[in-house]
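A closer look at the structure
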Amino acid sequence: MRQNHFAEAKQDRGLRLTRELEAQFLEALRQYGRAEDTINGYRRNLERLRQSLPEDMLLNHATLSNWQMELLNQGYSSSTVNGCTAAVNSLLEFARRRDLQIDPVPPTQGEAALPELTRSEYMRLLQTAKMLNKRRAYLLVLLFGTVDLPLQSLPCVTVEAVKEGRIGDSQRMRLPPILREELLTYAEEKQIHTGPIFQSRNEKPMTRSNVNSSIQALARNAGVDVEKCNSRCLRKMCLATQHSIRKKLEELAEQTYDRMLETEAMTVGWNDSRN
């Protein structure tokens, strides 16, 4: 079985979960305005992870996957495990080690699976929002379908952060240029010069129910099941698309590497055609 040499080399390095790294991450969350309860939740999840790690505190796909399985075996639901996973993935994003991030665990028996939103359904939602002149709903669909942004981090999408091109916890998440342009144009039209771009009528950040209601209002005209019209399904589609692209790039890198070795073997290989 062939292996991806590039991916393996990167994974082997791992990342040590030092107290210094954890403190820097939590302080960055605090400086970015995250609630103290939220920060304490991150701290508890990271402490839970520490108890599962080997003595060297090395984070890699193996240790993180084992941690997920330990939590499930201890009776935690998949949603709780995925909440813990999201906290660790945020830390890895802060440390610029997205290559070590792990996927959420699938629902356990008795839990409802998240519906699959296809790329064509996503496009229909955008087209419907545009046709109905629902600019905010359009941008919400575009945002969650383009960037791996948890719904609770939506207030982090501020005018200042979008101008910098980075959003999310500690502004580590890159915004594609086309999305930046769309968001800044909308903010300018709404005369939002600072703070969160997505606001309710009383100029407060949109709530979870406001966000999903805006997206679900497009369902009927778009011909998409309402169960799929929410930020979680959009984010799941975003992650699936990114995973598919990365997998193709890894396969291409593997093929290129093998062709290079074959070319070198033609020149200096021990087994040549002189038999």
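So, how was this worked out
- Residues numbered from 1 in each chain as written.
- Predicted model: local features only at pLDDT ≥ 70, side-chain atom pairs only at ≥ 80, totals over all residues.
- Heavy atoms only, no water.
- pLDDT = per-residue confidence, 0-100.
- Contact = heavy atoms within 4.5 Å.
- Patch = residues over 30% accessible without salt bridge, like charges linked within 9 Å, V, L, I, M, F, W, Y side chains within 5 Å.
- Areas by Shrake-Rupley, 256 points an atom, 1.4 Å probe, with all protein chains shown as cover.
- Salt bridge = Lys/Arg side-chain N within 4 Å of Asp/Glu carboxyl O.
- Buried < 20%, exposed > 50% of the residue type's maximum accessible area, 1.4 Å probe, protein only.
- Helix = DSSP H or I, 4+ residues; strand = E, 2+ residues; numbered from the N terminus.

Confidence in the prediction of the protein chain, expressed as mean pLDDT, is 84, and 90% of residues score 70 or more. Here residues 1-12 is modelled with pLDDT under 50, and outside its nearest four sequence neighbours on either side it reaches 16 contacts, counting other chains as well.

What follows concerns a nonpolar patch on the surface. A contiguous nonpolar surface patch, about 290 Å² in accessible area, is contributed by Ile-245, Leu-249 and Leu-252. Exposure remark for Leu-252: the relative accessible area of 46% places this residue in the partly exposed category.

A separate point is the pattern of salt bridges. Here the structure, examined in full by the defined rule, presents 10 salt bridges. Among the salt bridges present, the one from Glu-116 reaches Lys-236, with a minimum N-O distance of 3.1 Å. One end of the pair, Glu-116, is in the loop between helix 5 (78-94) and helix 6 (119-131); the other, Lys-236, is in helix 12 (residues 231-268), and 120 residues separate them in sequence. Look at Lys-236 and you get partly exposed, because its relative accessible area is 26%. The salt bridge partner of Glu-189 is Arg-135, with a shortest N-O separation of 2.9 Å.

Quick look at the environment of Leu-140 now. Inspection of the secondary structure puts Leu-140 in helix 7 (residues 135-146). Exposure remark for Leu-140: the relative accessible area of 0% places this residue in the buried category. The spacing of Leu-140 and Ser-214 is 74 residues in sequence and 8.3 Å in space, taken between C-alpha atoms. Among all residues touching Leu-140, those that are not within four sequence positions of it are Leu-154, Phe-198, Met-206, Val-211, Ser-214, Ile-215 and Leu-234.

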